[in-house]
Amino acid sequence: MSDTLISLKNVCVHIGAKVALHDVNLAIKSGEIVTVVGPNGSGKSTLLRTLVSAIKPTGGQITRMPNLRIGYVPQKLHIDPTLPLTVRRFLSLPRRVNDAVAEKALNDAGAGDLGKRQMTGLSGGQFQRVLLARALLNDPHILILDEATQGLDQPGSADFYAQIAQVRQNFGCAVLMVSHELHVVMAASDRVICLNGHICCEGAPEIVASAPEYRALFGSGTQGALALYRHEHSHTHDETCAHDHAQSHHNENSHDNSEATL
Ligand code: ADP
Ligand code: MG
């Protein structure tokens, strides 16, 4: 299909003797928003690193649109706290960009006022916005984010999701994000993929219209960016997926105090 940016066919990734991913079939289309959830160690980062060509699969095929531009927001980026580095200079590493390009990216990422700030002086949410700005510098067809809201509090991560939704609207890019927060995904997600070594199931997110505990926590300022993932099993599980889905969801969700039922 001409609007497919990346597709994986029966992709397997071994790390040492371990199978990190197996039989992954996935196609990301232009402009769509896909959220990947799954327990720790379920292969989420491995999947993203495979998509950005940092890992070569041990089996299966990957097809990318010719000249595909990917914007990648890593899970973590350590910056030496003793290193003086402004946001503006950071955006020119490793490739120099001019002021107009840097300013546009910062504005698009909701970080328009941060250019002169020191990287080490930023809050978690500001830092993530700067990483987002960096990912936008090359006008990506697809934005790939690995647990970009990890370490942010819940309102902070809701703000960040709203920013991503805005970016997608401005750029028309596809978005593939890993979220550790099973219950919080973008309402705009076309698909939520549950990963546990392979794609266990996929489902559509549902806006939390009738969950007063979420509204109480986040108010109305999230502009619909919060959604509840309605877990639907679209296929029969084979013996390779032996884990208890309900249990793994409970574990994922255990860090938050909401009473939402999944
Ligand atoms: P997730 O991002 O969902 O937490 P990962 O993709 O990081 O999961 O890891 C998937 C599996 O691969 C895990 O079992 C992990 O232990 C293993 N793994 C990932 N990276 C490495 C590595 N560099 N060396 C050894 N094992 C790894
Ligand atoms: Mg990970």
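Residues numbered from 1 in each chain as written. Chains lettered and ligands numbered in written order. Predicted model: local features only at pLDDT ≥ 70, side-chain atom pairs only at ≥ 80, totals over all residues. Heavy atoms only, no water.

### Here's the deal with the overall build of the chain
And step 1. Across its full length, the chain carries seven helices and eleven strands.
And step 2. The buried share of the chain, reckoned over its 262 residues, is 49%.
And step 3. Counted over contacts in the chain with a minimum sequence separation of 6, partners at least 24 positions apart contribute 71%.
And step 4. Carbon and sulfur atoms make up 50% of the accessible area of the chain, which totals about 12,700 Å². (Helix = DSSP H or I, 4+ residues; strand = E, 2+ residues; numbered from the N terminus. Buried < 20%, exposed > 50% of the residue type's maximum accessible area, 1.4 Å probe, protein only. Contact = heavy atoms within 4.5 Å. Areas by Shrake-Rupley, 256 points an atom, 1.4 Å probe, with all protein chains shown as cover.)

### Some thoughts on the nonpolar core
And step 1. Counting residues in hydrophobic clusters, the biggest one holds 36 residues, and the most contacted among them are Phe90, Leu91, Met119, Leu132, Leu143, Leu145 and Ile164.
And step 2. Ranked by residue count, the leading element in this core is helix H4 (residues 124-136), at seven residues.
And step 3. Each of domain 1 (7-69 + 141-230) and domain 2 (76-139) accounts for three or more of the residues forming this core.
And step 4. In terms of nonpolar packing, the next biggest core, distinct from the first, is built from 24 residues, Leu8, Val34, Leu47 and Leu68 among them. (Core = buried A, V, L, I, M, F, W, Y, C linked by side-chain atoms within 4.5 Å. Domains from an automatic or database assignment.)

### A look at the site of ligand 1
And step 1. In the neighbourhood of ligand 1, the contacting residues comprise Ile15, Lys18, Ala20, Pro39, Asn40, Gly41, Ser42, Gly43, Lys44, Ser45 and Thr46.
And step 2. Here Ser42 contributes a backbone N or O atom positioned 3.1 Å from an oxygen atom of ligand 1.
And step 3. Here an oxygen atom of ligand 1 and a backbone polar atom of Lys44 are 2.9 Å apart.
And step 4. In the complex, 59% of the free accessible area of ligand 1, which totals 550 Å², lies under the protein chains.
And step 5. Looking at the shell around ligand 1, the elements that each hand over two or more residues are strand E2 (18-29) and helix H1 (44-51). (Near = heavy atom within 4 Å. Polar contact = N/O pair within 3.5 Å; in protein donor to acceptor, adjacent residues only side chain to side chain.)

### Looking at H4
The α-helix advances 3.6 residues per turn, and as a result positions three or four apart in sequence lie on the same side.
And step 1. Spanning 13 residues, H4 covers 19 Å between terminal C-alpha atoms, matching the ideal 18 Å at 1.5 Å per step.
And step 2. When H4 is considered as a whole, its buried residues turn out to be Phe127, Gln128, Arg129, Val130, Leu131, Leu132, Ala133, Ala135 and Leu136.
And step 3. Buried residues along H4 sit in contact with strand E5 (70-73), helix H2 (87-91), helix H3 (99-108), strand E6 (142-146) and helix H5 (154-171). (Expected span 1.5 Å × (residues − 1).)

As far as function goes, none of this settles anything; it's purely spatial.
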